[in-house]
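Residues per chain, in single letters:
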Amino acid sequence: MSTEFNERLPESLGHQAQIWIVGTREQVNHIISEMYVRQMITDRSQFSPMVPAPFAQGKFMSVLLR
């Protein structure tokens, strides 16, 4: 993983569990919204900002830190 990507995350990963969503921009937005509607998360801001996936061209990703 690149240093640039790690700097984009709002806090260090440390020992927190993580949920990674990787897909097209629309897929990632849909899954985040679905998790909110199903009350798996209390606020969409619990996810990191969506960034281009460094390992998959044309894909985006967001990380939920729990």
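Here goes a summary of the coordinates provided. As the structure is a computational prediction, the values presented were derived from the model and not from experiment.

### A look at the pairing of strand β3 (residues 60-65)
Moving on, step 1. In terms of burial, β3 is largely enclosed, as 6 of its 6 residues are buried.
Moving on, step 2. On β3, burial covers both faces: F60, S62 and L64 on one face and M61, V63 and L65 on the other are all buried.
Moving on, step 3. Judged from the 6 bridges that link them, strand β1 (residues 18-23) and β3 form a sheet pairing that is antiparallel. Along β3, the bridge assignment pairs W20 with V63.
Moving on, step 4. Sheet topology places strand β2 (residues 51-52) next to β3; 2 bridges connect them, and they run antiparallel. Within β3, the position partnered with V51 by the bridge is M61.

### Topic: the nonpolar core
Buried together is how nonpolar side chains tend to be arranged in soluble globular proteins.
Moving on, step 1. The biggest cluster of nonpolar side chains holds 7 residues, and these are I21, V28, I32, M35, I41, F47 and L64.
Moving on, step 2. Here this core gets 3 residues from one element, more than from any other, and that element is helix α2 (residues 25-37).
Moving on, step 3. With residues near it in sequence (within four places) discarded, L64 still touches A17, Q18, I19, M35, I41, Q46 and F47.
Moving on, step 4. Formed by 5 residues, the second largest nonpolar core is a distinct cluster that contains V51, A53, M61 and V63.

### A short note on the side chain of S62
Moving on, step 1. Mapped onto the elements of the fold, S62 is located in strand β3.
Moving on, step 2. Within the structure, the side chain of S62 is placed 2.7 Å from the backbone oxygen of S48, a separation counted as a polar contact.
Moving on, step 3. When near neighbours in sequence (up to four residues on either side) are disregarded, S62 contacts I19, W20, I21, V28, I32, F47 and S48.

### Quick word on the environment of A53
Moving on, step 1. Looking at the element boundaries, A53 is found in the loop between β2 and β3.
Moving on, step 2. Ignoring any residue separated from it by four or fewer positions in sequence, one finds A53 in contact with V22, K59, F60 and M61.

Reading guide: rules and limits
- All residue numbers refer to positions counted from 1 along the written sequence of the respective chain.
- Local features in this predicted model are restricted to residues whose pLDDT is 70 or higher, and side-chain atom pairs enter the listing and the counts only when it is 80 or higher, whereas totals over whole chains, interfaces and linings include all residues.
- Just so you know, side-chain values use all the structure's heavy atoms and leave hydrogens and water out.
- Relative accessibility under 20% of the residue-type maximum defines a buried residue, over 50% an exposed one, and the middle range a partly exposed one, all with a 1.4 Å probe and only protein chains included.
- Secondary structure is summarised from DSSP: a helix means a run of H or I of at least four residues, a strand means a run of E of at least two, and numbering begins at the N terminus for each.
- For two strands to be treated as a pair, DSSP must find at least two bridges joining them.
- To qualify as a nonpolar core, a set must consist of buried Ala, Val, Leu, Ile, Met, Phe, Trp, Tyr and Cys residues joined through side-chain atoms within 4.5 Å.
- Contacts: residue pairs with any heavy atoms within 4.5 Å of one another.
- N or O atoms closer than or at 3.5 Å make up a polar contact, with two conditions inside protein: a donor-capable atom paired with an acceptor-capable one, and, for residues adjacent in sequence, both atoms drawn from side chains.

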